[in-house]
Amino acid sequence: MKVDGNLGMNANNAEQGKAAHVTDVGFASNFWIENADNYITNNHAAGSLGAGFWLAVFGEVGGLSADDDRFKNINPSKSELGSFDGNSAHTVETGFSTRQNFREEPGRGRALEWKPDEVLPVISDFTSYMTTEWAVFGSSRPYLLTDSVLAESAKTIQMRNGQIFEDVLFVGDSGNIGNPDTDEERRRGHSLPDGQNGVIGATLYDGPTSLYNVHFENYTEADSDAIDLLRDQWQIDSHLVT
């Protein structure tokens, strides 16, 4: 399927017991993608309490496709990426997420880790700015994110399992003040990110995470860092930065 040139706005959390999916209660997202083998291009996500784009895959197809014989033997958790190019997200919790489902879907369990076979997926020309948490976050088999701009996020990226970032611009403060309307927002001069503990460009977590030809700009607020190493006794911390 081709999903091109759409605007998704204001995905708000549903009330307990009234949600179509359990994640709609605590992680409502603009574009919920259950199969990577689609063409997601030139879309814009704004104003959700969860992700702008969330790739949440299961071991079998769901929804109306579950009753279609064409999809009976498809395992979305192993599907290769069709295309993810030219998309953007702002004023969301996470711009692009591959996080696993933190609650069980009735009859389906939790979302799985995305593990496409063989081919290195490429996510290109992605723009994310003014997020409350991350521009890019999650756990999956390695993929390449390239030719992208990730700006004004509390933590920007935090990855696992070997993601590669190449030709990416990280921006701590672009001068975009948003719509500050509380005393705290007016004090710091912008609405998002909240910046209570500074802002982080790349959080190197359970690696290896590779950064090639990336640039960090304006991480100047107190407690802000372009690169932060988050360590635990069981994490792999052999990262590559060039």
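The residue numbers shown here count from 1 along each chain, following its written sequence. Where local features are concerned, this predicted model is filtered to residues with pLDDT of at least 70; where side-chain atom pairs are given and counted, the filter is 80 or more; whole-chain, interface and lining totals use all residues. Neither water nor hydrogens contribute to the side-chain values; these are computed over all heavy atoms in the structure.

Draft legend 1. Highlighting the pattern of salt bridges. The rule for a salt bridge is simple: a side-chain nitrogen of Lys or Arg has to be within 4 Å of a carboxyl oxygen of Asp or Glu. Enumeration over the complete set of coordinates arrives at 4 salt bridges. Here Asp68 makes a salt bridge to Arg70, at a shortest N to O gap of 2.7 Å. When the shortest N-O distance is used, the salt bridge between Lys115 and Glu113 registers 3.7 Å.

Draft legend 2. Unusual backbone geometry, seen in detail. With a phi close to 50°, Asn213 is a non-glycine residue in the positive phi region. With respect to the secondary-structure elements, Asn213 resides in the loop between strand S17 (210-212) and strand S18 (215-217). Relative accessibility thresholds used throughout: buried, under 20% of the residue-type maximum; exposed, over 50%; partly exposed, between the two (1.4 Å probe, protein chains only). Assessed through its relative accessible area of 54%, Asn213 is described here as exposed. The phi dihedral of Asn218 falls on the positive side, at around 60°, and the residue is not glycine. What counts as a helix is a DSSP run of H or I of at least four residues, what counts as a strand is a run of E of at least two, and both are numbered from the N terminus. The topology assignment puts Asn218 in the loop between S18 and strand S19 (225-229). Accessibility expressed as a relative area gives 37% for Asn218, which makes it partly exposed.

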